[in-house]
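Working through the structure, step by step
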Amino acid sequence: MPDVVFEPFKIKSVEPINFSTVEERKAWLKEAGYNMFGLPAERVMIDLLTDSGTSAMSHNQWAALISGDESYAGSKDFYALERVAREIFQKDIVIPVHQGRAGEHLVFSTLLKKGDIVPSNSHFDTTGANIEDCGAEALNLPTKEGLDPFLVHPFKGNMDTEALKRLLKEKREHVPFVMLTITNNTGGGQPVSYRNISEVRKICDSYSLPLFIDGCRFAENAYFIKLRENGFNNLSAKVIAQKTLSLADLVIFSAKKDAFANIGGLVCLNDPELAERLKNRLVVTEGFATYGGLAGRDLAAIAQGLLEITDEHYLKYRLRTIEWMVERLAAEDIPVLRPAGGHALYIDADSFFPNIPPENFPGIALVNELYIRGGIRAVELGNVAFGKRDKDGKHIFPRLDLVRLAMPRRVYTEAHAAYVVEHIKALYRERDKVSGWVFDKEAPVLRHFRSTFKPA
Ligand SMILES: Cc1ncc(COP(=O)(O)O)c(C=O)c1O
């Protein structure tokens, strides 16, 4: 058998791409204030802004939408979702919410108080923001391997368990629970090993602490474990996912990722008392406990998506897509994060454009050039997104100045991926010709969403 990994689906409904010229895109980008978030999506040819909520649904998901039961209480689709979610997440109680951060808000606003500390391998930005919104500290404890962008290591998403032990020895009384994000999005979509999750579980047990998993990309993480961790090769991705998730007391899940859904989320847990408190809050903020802010048809699409996501033909193709792109870029010495993550490729913009100083935002230069040249939309997750100012207004920059190109699930083919790779390669060859940017209007928080820029 020739070893060619191909898209494990046939395409029966398509959305045409609007082709545009370099001149048109220059004008549109100016109109958008040189910010990717200001661009109407119709003006983008290949949209790699996010993998969240952008999946192509299957024919079975579309069929499930049509037969969605829109009853306010007790929709049949809630019970279908509950059955599937109980099996995957290994929890008795399933609470729907409208997306991942609604689950974060629900759980954290119920459990956290000022002065608490929540350690994690790395919190996603909405997770950190929701923790801090409760007056608590979101503490990241990645491993030293996870901090090196170019070091090849199988599990760069792991938590530093020694750092966790040190924290708990000193400050146990301030820690209400421990979190793990799988895969580790902030750390580059890198996986967390089963061994690491088990170790964290044991540490939690020794301090009588619950473990919460942010499981947005649990299926990608499970397939990484199957490929890379001793003793897991003969287990199915679904069984590995179940084993992994059963180590958590509570799972927060954004169905916009590993459920192929365009909206939705879940909180899954075993503790009936906590579930009561969450459901009582839910009815005030999201809706009744059998719909949680979602339409019945959304519940149905999530249930069907959860049945499809652990298909290994899909997961093999999914991880190989990113790996294939990273291999081609790394072969040209382009500073791309290694090894490939599960859902996105990340470029170190600072090393890509050594001629552009950090205060002239190399990441903005990279995303703007990719858009002008190729109609490709990526996102800056570096000096603009995670940078701050000190009290004198001087820039404080994050450790890495990254640009992320996230692949929506089942949306683009290998030829689209090749088009993106060729544009990045061509831009890299001409990197000396590119100059930087400064703020035109600087947004006060989450600066990448709403700031505008002008040439430096
Ligand atoms: C790891 C992680 N956690 C939480 C979230 C928040 O989920 P949502 O966008 O559904 O609110 C995201 C979204 O990208 C994520 O990647």
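Now for a look at the structure at hand. Keep in mind it's a predicted model, so treat the numbers as computed, not measured.

Two aromatic rings are characterised by how far apart their centres lie and by the angle between their planes. Counting across every chain of the model gives 19 aromatic pairs. Ring centres 5.4 Å apart and planes at 65 degrees place the aromatic pair Phe 89 and Phe 218 in the edge-to-face group. Placement of Phe 89 in helix H3 (residues 76-89) and of Phe 218 in helix H9 (residues 218-228) is noted, with a sequence separation of 129 residues between them. An identical accessibility class is assigned to Phe 89 and Phe 218; each is buried. Their ring planes at 75 degrees and their centres at 4.9 Å tell us that Phe 260 and Tyr 314 sit as a pair that is edge-to-face. Highlighted residues: Phe 260 in the loop between strand S7 (250-254) and strand S8 (265-269) and Tyr 314 in helix H13 (residues 312-330), separated in sequence by 54 residues. The pair formed by Phe 260 and Tyr 314 is uniform in burial state, with each residue classed as buried. In textbook terms, an aromatic cluster arises when at least three aromatic residues are bridged by ring pairs, as seen for Phe 9, Phe 260, Tyr 314 and Tyr 317. In this arrangement the basic side chain of Arg 410 is found over the ring face of Phe 260, its NZ or CZ atom lying 3.5 Å from the centre.

Around the ligand sit 15 residues, and of these Gly 100, Arg 101, Asp 214, Ser 254 and Lys 257 come closest. With respect to the ligand, the side chain of Ser 254 contributes an N or O atom lying 2.7 Å from an oxygen atom. A distance of 2.9 Å is found between an oxygen atom of the ligand and a side-chain nitrogen or oxygen belonging to Lys 257. When isolated, the ligand has an accessible area of 390 Å², and the protein chains bury 96% of it.

Reading the values: rules and limits
Residues numbered from 1 in each chain as written. Predicted model: local features only at pLDDT ≥ 70, side-chain atom pairs only at ≥ 80, totals over all residues. Heavy atoms only, no water. Phe/Tyr/Trp six-rings, centres within 6.5 Å; stacked < 30°, edge-to-face > 60°. Helix = DSSP H or I, 4+ residues; strand = E, 2+ residues; numbered from the N terminus. Buried < 20%, exposed > 50% of the residue type's maximum accessible area, 1.4 Å probe, protein only. Lys NZ or Arg CZ within 6 Å of the ring centre and 35° of its normal. Near = heavy atom within 4 Å. Polar contact = N/O pair within 3.5 Å; in protein donor to acceptor, adjacent residues only side chain to side chain. Areas by Shrake-Rupley, 256 points an atom, 1.4 Å probe, with all protein chains shown as cover.

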